[in-house]
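Spelled out, the chains give:
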Amino acid sequence: MTDLFAKFAIDPWRETMAEGAILLRGFALPFEDRVLPALREVIAQAPFRHMVTPGGYTMSVAMSNCGAAGWVTDRSGYRYGRLDPETGRPWPALPSAFLALALAAATEAGYPDFRPDACLINRYEPGAKLSLHQDKDERDHSHPIVSVSLGLPATFQFGGLNRNDPVRKYALRHGDVVVWGGPSRLFYHGVTELKDGDHESLGRVRINLTFRGAL
Ligand code: MD3
Ligand code: FE
């Protein structure tokens, strides 16, 4: 059974998107029975909201956070903060199910020492998108980022270090996990407009969790 894959060193569920960027198809599925209820609890404490960019645009993706720090944007800029600006309270703690999933994925991708302190929760409704950008608000770019896709499938765009590098497209589906580290950590990426659909456990939405070492 294992011998077939061992012999050819091929794992059909594992795909290298670029040096340091590893796609683990379905990796979150064994965790979803614990992750989805934990997600609902976090959102009850820190509801989704549409944040405003420094340029004054309201984002089509709704966001929340859990962990010691959360990513926020407003007219004064992008940053990580310990308090939810909507409630004035600290962000909810990282649920143990979230942490277990993030550590297992990072370990599988070769980052056994990853200790996330921030989890950004993105909610896409049909039509929502995230334009091409780099993630560089974190203090130390040597930490990887672990991304978990849940709900409706999305088209993910993955470019290079320069905004005009060619982009490749990947379908990210319910349960897929990507670990981004090494040279790909600062690559441009985005998500195209979400197509309408109905996911059996989440309905008409896509949720993405990104775990980071932000502080
Ligand atoms: C590639 N989120 O929140 S996660 C983000 O699906 C973000 O919601 C997308 O980009 C989403 O910043 C994509 C995948 C991801 C996250 C971080 C990366 C891809 C990355 C960092 C470097 C390169
Ligand atoms: Fe990003």
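Since the structure is predicted, the reported quantities are computational estimates derived from the model, not experimental observations.

Reading guide: rules and limits
Every chain is numbered on its own, with residues counted from 1 as its sequence reads. To label them, take the chains in the order written and letter them from A, then take the ligands in the order written and number them from 1. Reporting in this predicted model follows two pLDDT cut-offs: at least 70 for local features of residues, and 80 or more for side-chain atom pairs to be given and counted; totals over whole chains, interfaces and linings ignore these cut-offs and use all residues. With hydrogens and water set aside, each side-chain value is computed from the structure's full complement of heavy atoms. Under the scheme used here, helices are H or I runs from DSSP no shorter than 4 residues and strands are E runs no shorter than 2 residues, and both carry numbers assigned from the N terminus. In this analysis, two residues are considered to be in contact whenever any of their non-hydrogen atoms come within 4.5 Å of each other. As used here, the term nonpolar core means buried Ala, Val, Leu, Ile, Met, Phe, Trp, Tyr and Cys residues forming a set that is joined through side-chain atoms within 4.5 Å. Only protein chains enter the accessibility calculation, which uses a 1.4 Å probe; a residue is then buried when its area is under 20% of its type maximum, exposed when over 50%, and partly exposed in between. Throughout, near means a residue has at least one heavy atom within 4 Å of the molecule or strand. Each polar contact in these results corresponds to two N or O atoms within 3.5 Å; when the atoms are within protein, one needs to be able to donate a hydrogen and the other to accept it, and residues that are neighboring in sequence are counted only if both atoms are side-chain atoms. Accessible surface area values rest on a Shrake-Rupley calculation with a 1.4 Å probe, where residue burial reflects the displayed protein chains alone. Here a cavity denotes grid points, spaced 1 Å and computed from the protein atoms alone, that fit a 1.4 Å probe unable to get out, and a pocket denotes an open set having protein on both sides within 12 Å along at least 5 of 7 lines; residues with an atom within 4 Å of a point are the lining. Assignment of a molecule to a cavity or pocket requires that more than half of its atoms lie within 2 Å of the corresponding grid points. Helices are assigned an expected span. That span is 1.5 Å times one less than the residue count. The arc under discussion is defined with respect to the helix axis, by the directions toward the C-beta atoms. What makes two strands pair is DSSP finding at least two bridges between them. Here, axes are lines fitted to C-alpha atoms. For helices the fit covers the stretch in contact, and angles between N-to-C directions go from 0 to 180 degrees.

K.L.:
Could you give me a rundown of the environment of L83, with the residues and numbers involved?
P.N.:
Positionally, L83 belongs in the loop between strand 5 (77-81) and helix 3 (96-108). Separated by 13 residues in sequence, L83 and G70 have C-alpha atoms that sit 7.5 Å apart. If near-sequence neighbours (up to four positions away) are discounted, L83 is found in contact with G88, R89, P90 and W91.

K.L.:
Could you give an account of the nonpolar core, with specific residues and numbers?
P.N.:
Note that soluble globular proteins tend to have their nonpolar side chains buried in a common cluster. Counting 35 residues, the largest nonpolar core has F98, I121, L209 and F211 as its most contacted members. Each residue touching L209, except ones within four places of it in the same chain, is listed here: V35, L39, F98, C119, L120, I121, V146, S147, V148 and L150.

K.L.:
Let's hear about the site of ligand 1: which residues, and what values?
P.N.:
The immediate surroundings of ligand 1 are formed by 19 residues, with N122, Y124, R185, H189 and R206 found nearest. N122 places a side-chain nitrogen or oxygen 3.0 Å from an oxygen atom of ligand 1. Burial of ligand 1 by the protein chains amounts to 98% of its free accessible area of 500 Å². If you map ligand 1 onto the pockets, it falls in the largest pocket. Among the secondary structure elements, those contributing two or more residues to the shell around ligand 1 are strand 6 (118-124), strand 7 (130-133), strand 8 (145-151), strand 12 (189-191) and strand 13 (206-212).

K.L.:
Before we move on, could you go through the environment of Y111 and cite the residues and values that matter?
P.N.:
Secondary-structure assignment places Y111 in the loop between helix 3 and strand 6. Look at Y111 and you get partly exposed, because its relative accessible area is 21%. In sequence terms Y111 and G151 are 40 residues apart; their C-alpha atoms lie 26 Å from each other. Y111 has contacts with G20, A106, P144, V179, G181 and G182, leaving out every residue within four places of it along the chain. For Y111, the side chain forms a polar contact with the main-chain nitrogen of G182, separated by 3.4 Å.

K.L.:
Kindly report on helix 2 (residues 32-45), identifying the contributing residues and their values.
P.N.:
For helix 2, which comprises 14 residues, the first-to-last C-alpha distance of 20 Å matches the rise-based estimate of 20 Å (1.5 Å per residue) to within 8%. Within helix 2 the residues assigned to the buried category are E32, V35, L36, A38, L39, V42 and I43. Down the axis of helix 2, the smallest arc covering the buried residues is 170 degrees, so these residues share one side. Facing away from the buried surface of helix 2 by more than 90 degrees, the exposed residues are D33, R40, E41 and A44.

K.L.:
Give a detailed account of the sheet that holds strand 8, specifying residues and quantitative values.
P.N.:
A sheet is described by the order of its strands in space; here seven strands give the open sequence 1-2-11-8-13-6-3, paired in antiparallel fashion. Of all the strands in the sheet, the pair left with one neighbour each is strand 1 (14-18) and strand 3 (62-67). Averaged over all neighbouring strand pairs, the angle between strand axes comes to 20 degrees, with direction disregarded. Bridge count between strand 8 and strand 11 (residues 177-180): four bridges; the pairing is antiparallel.

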